Amino acid sequence: MAALMLPRRLPFLLALLSSTLMTSCQQASVDDLLAPGVSRDLAKHRRARIQDLHYRLHFRMVPGMEAVEGRLQLQFQLLQGGEDLALDFDGELLPQWRCNGAEMALADMQQVANHWMLPAASLQPGMNQVEFGFRSKVAATGTPLNVYRDEEDGGEYYYTLVVPADAHRLFPCFDQPDLKAKFEFSIEAPTDWQVVANGPLLDRQAVGEGRHRHDFQASKPISTYLMAFAAGPFEVTEPPVGGDLPFRIWHRASAGEAMQVADLTEMHLQTVQLLEQDFQVPYPFEKLDVVLLPGFPYGGMEHPGCIFYRESALVFDHTPTAQELLRRSTLIYHEVSHQWFGNLVTMEWFDDLWLKEGFATFIGYQVLQRREPELQGWLRFHQRVKPPAYQVDATPGTVPVYQELGNLFDAKSNYGPIVYNKAPSMLKALHALLGDKAFFDGVHRFLVDHAWDNATWEDLILALQEASGRDLQAWSERWLLTAGMPKVRAHWQEDVRGRLQSFQLQQEGLQGQAHPWPMQVDLLWQPEGAAAEILEIPLQEFEQEVEALVGQATPAWLLLNAKDRAYGRFLLDPVSRRRLAEELPEIEDPMIREVAFTAMVDALWEGEWNPRKFVQAAEKLLGFDGEGRDLQPRLADALSHSRVLQAALLACHRFLQGDEAKAHFQYLLHLTMQLPLPPELKLPAFRTMARYGSDAWFLDLCRDAARQGHLEGGPELGTRDRFLAAAVLLAHGDPEAETLLAELEADESLQDRQKYAFMARAASPDPAQKQRTFEAYLQLSEPPEQWIQLSLEFFHWPGQEELCFPYLRQALDRVLWVKEHRKIFFMPAWIDAFINAHSSPQALEVVEDFLQANPDLPLDVRRKLWQSTDRLRRVLQARQRFP
Ligand SMILES: [Zn+2]
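Thresholds applied
Residues numbered from 1 in each chain as written. Predicted model: local features only at pLDDT ≥ 70, side-chain atom pairs only at ≥ 80, totals over all residues. Heavy atoms only, no water. Helix = DSSP H or I, 4+ residues; strand = E, 2+ residues; numbered from the N terminus. Buried < 20%, exposed > 50% of the residue type's maximum accessible area, 1.4 Å probe, protein only. Contact = heavy atoms within 4.5 Å. Areas by Shrake-Rupley, 256 points an atom, 1.4 Å probe, with all protein chains shown as cover. Pairing = 2+ DSSP bridges. Axes fitted to C-alpha atoms, helices over the stretch in contact; angles between N-to-C directions. Expected span 1.5 Å × (residues − 1). Domains from an automatic or database assignment. Buried area = accessible area lost by both parts, 1.4 Å probe. Salt bridge = Lys/Arg side-chain N within 4 Å of Asp/Glu carboxyl O. Phe/Tyr/Trp six-rings, centres within 6.5 Å; stacked < 30°, edge-to-face > 60°. Lys NZ or Arg CZ within 6 Å of the ring centre and 35° of its normal.

**A look at the overall build of the protein**
Inference 1: Secondary structure assignment for the protein yields 30 helices and 32 strands.
Inference 2: Judged by the C-alpha coordinates and their principal axes, the protein covers about 90 × 70 × 60 Å.
Inference 3: Taken over 883 residues, the protein has a buried fraction of 62%.
Inference 4: Partitioning the contacts of the protein with sequence separation of at least 6, the portion at a separation of at least 24 is 72%.
Inference 5: Taken as a whole, the protein presents about 33100 Å² of accessible surface, with 49% of it coming from carbon and sulfur.

**Thoughts on the environment of Phe665**
Inference 1: Summarising the element assignment, Phe665 is placed in helix H18 (residues 658–674).
Inference 2: In this structure, the C-alpha to C-alpha distance between Phe665 and His653, residues twelve residues apart in sequence, is 8.7 Å.
Inference 3: Ignoring sequence-local partners within four residues, the contact set of Phe665 consists of Leu649, Cys652, His653, Met689 and Tyr692.

**Focus on the side chain of Lys386**
Inference 1: Tracing the backbone shows Lys386 in helix H9 (residues 377–393).
Inference 2: Among the residues examined, Lys386 registers a relative accessible area of 1% and is labelled buried.
Inference 3: Here Lys386 is in contact with Phe381, Ser425, Asn561, Asp564, Ala566 and Tyr567, once residues within four sequence places are set aside.

**A closer look at the sheet that holds strand E27 (residues 533–539)**
Inference 1: Across the sheet, three strands lie side by side as E27-E26-E29; this open sheet has antiparallel pairing. Since the sheet does not close on itself, it has two edges, and those belong to E27 and strand E29 (557–560), each with one partner. Taking the axes of each pair of neighbouring strands and ignoring which way they run, one obtains an average angle of 25° across the sheet.

**A short note on helix H20 (residues 696–708)**
Inference 1: Compared with the 18 Å implied by 1.5 Å per residue over 13 residues, the 18 Å span of H20 between its first and last C-alpha is a close match.
Inference 2: Where H20 is concerned, the buried positions are Phe698, Leu699, Leu701, Cys702, Arg703, Ala705 and Ala706.
Inference 3: Summarising the contacts, the buried residues of H20 are in contact with H18, helix H19 (679–689), helix H21 (719–731) and helix H22 (737–746).
Inference 4: Looking one or two residues beyond H20, the residue adopting positive phi is Gly709, at roughly 80°.

**What to know about the environment of Arg643**
Inference 1: Within the secondary structure layout, Arg643 lies in helix H17 (residues 638–655).
Inference 2: The spatial distance from the C-alpha of Arg643 to the C-alpha of Arg384 is 9.1 Å, given a sequence separation of 259 residues.
Inference 3: Beyond its immediate chain neighbours, meaning those up to four positions away, Arg643 contacts His382, Gln383, Pro387, Glu594, Phe597 and Thr598.

**Describing the domain arrangement of the protein**
Inference 1: Domain annotation for the protein reports domain 1 (34–141 + 159–225) and domain 2 (341–479).
Inference 2: Each of domain 1 and domain 2 has a C-alpha centre, and these two points are 32 Å apart.
Inference 3: In total, domain 1 and domain 2 occlude about 1600 Å² of area from one another, counting both sides; carbon and sulfur atoms represent 58% of this.
Inference 4: Sorting the residues of domain 1 by area buried against domain 2 places Arg40, Pro164 and Lys180 first, and these three jointly supply 36% of that buried surface.
Inference 5: Where domain 1 meets domain 2, there are two salt bridges.

**Things to note about H19**
Inference 1: Burial within H19 is extensive, with eight of its eleven residues counted as buried.
Inference 2: Among the residues of H19, Leu681, Lys682, Leu683, Pro684, Ala685, Phe686, Thr688 and Met689 are the ones counted as buried.
Inference 3: Each element contacted by the buried residues of H19 is listed here: helix H7 (322–337), strand E32 (632–633), H17, H18, H20 and H21.

**Let's talk about the packing of aromatic side chains**
Inference 1: A complete count under the given rule lists 62 aromatic pairs for this structure.
Inference 2: For the ring pair Tyr55 and Phe183, a centre distance of 4.8 Å and an interplane angle of 5° mean the geometry is stacked. With a gap of 128 residues between them, Tyr55 in strand E1 (residues 50–60) and Phe183 in strand E12 (residues 181–190) connect regions that are remote in the sequence. Residue Tyr55 shares its accessibility class with Phe183, and that shared class is buried.
Inference 3: Lying across the ring of Trp797, Arg691 places its NZ or CZ 5.6 Å from the centre.

Here it is in structure tokens:
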């Protein structure tokens, strides 16, 4: 197919973009340029003047250090001289520095916020070289170089984590994604430590008593947010069977035994092979190291050539459940995909964060579908990826997939379900629209055209348009540049003979948006007593007649988006909802059953369905078939079983009250913990149920589980599960709880027991303990951020709403501190945990008062508050409607 003649850029869309982007560099004031952080204007200004960057970085690693000493030699080409050049740094510079060979003093540079102005007079057109000595802080959390002090093996594990814009808090740099550079590390560390970085290790030499220097090859050109190294008493496992690509796993010695080396190796290397075929672009880097870090705040971070993972995401201290294996697979595939999407081709600015995150998730599920077809990748995509997107996109706090961003200081707030969950859903819809061949031809073109460089969403759409010959302008405007989503429903009228007189599909913006969304709706049509069929209906307008159905017999029920290719809230009509509530357990096609269940969850949150009816339908689905020894749960798939159980429990907890809720909890507890559930369902069910069970027999079960390390007659438990069981006892004031916790804490066979003890103690109903836990949340020295995030749901144990209530306002009052000092995903998790622990009008009042009292709250924080408050508001409305 001939390529369309298209302009290099898409000017029609530019008009929609912000005035920030329209501001030319020349018009930007000095204040804008040098605002704290890195402004878009400063980034553009520098990008036009600098290229060929090369950072030579030396770090001196010393056990127990609270600051790291470093030296930088930075080379760059200046295209245009004549003015001071801002270098970003937020640490301590040593008094002497050098510029193009000349000795300089700190007083020779002006400092504006976190920018140091290299004086124009000492710079020259062409190559320049500056040299600095510096010191920057090291802590367990809140710093770009983090340390994990392992209380069990006494080791200290140091690692950098500078995404999205914290590199300048570690060393002086031009901290923006579109000034890619080569990074050449030289790292001095104790002799018994290992050091890993982006580039391959060139040389390791003794430098004095008990110390070695590790010199690394310069990396390929990468963005500052991707530079990385880690150092500590790691063990390095090199799998016996590798490939052409050097592959090693870096880990704590204690993780070695449980680590499934062959699986981890295959998962990484086969993904590399699959993606090389799909993209027709070779793996871009010289090697692939995988570094497993305890307490790492994210599941993984895709640093080029050395992916960092949270150790517990890849290594299990028990037989892993289907959920844990699925999470591990999708995490690995996601991070490996980033080596192309994000690392080889990087977004120009974090407004296009979705480009890398959307692709990594979408491609990750593609790999899952092909490598592990038995896991039914697209069904899991529907269960795991879409719900968080819908949850945020339905609220007034939602944002477009492409998110304007004036300053990297706020870049953390661009992370969230819209880029991680909606963006891959958009790519899935695009893939369905264009077909596999055109889609991957376009992807190939995009990767080749922008390799080792940066790109924008317009570049991607252009490549896909050229490959497919289709015009994607209207699609992009609606799905990438506009916030929100539609709710879609079918509407019909029948005549006296039960035949359709008219049939329409209708869509409406969830936040009253004034435009329709273009989409392809798969309508499942189930006639009474006959086989179902699926019709594909393109929907462009708010309301659309479907002529082909006029004259047909009224269906028994129908379901929109049956193949899950479209994105939106697809609601059930009352007739279909009634029938499906009865017949859902009989539906055999897992995707159709899952989509129908999603539509029921939507009906609940849209306030269209009595929560009692929802809970009953879910209980029916979770129930058992047959009698006596043939007793089998209706839902045999562990992931589907968990999803329905969680939805049922949440609905009871938030929408129902008192004895009514308690009766349902007891019934669900009976269904999952007393009846003979297969082992693959039992452990996930225990993990979900634990927060809601309070019967005496269940507390006994928890006591045994914590002590014995397995569920009765069932699966073995990990350390976390045993502490969870102890937390249940603690939360219910059981007299043995403290002794039990102390026993677990003293058991040296339990890995990471301090972390889990911290988590469990958060569930204590003792007000003094609650206060201590809350105070620990706001420290920087200890505990690691990941421990806090893990404990938030224990802090808000069901039944402790009153005790936790005063902390809601306190947590909101500290939100700006949290935004500044914690890593990417923490602030939304913080806000959400404190707000959605409550289902009372008083909690809503607290949030509203806080918003009113803080009219200057930044928009990104305000939006996160709107996102989280939306669910509380919906709960209160439904409770009023269905008392
Ligand atoms: Zn990612």
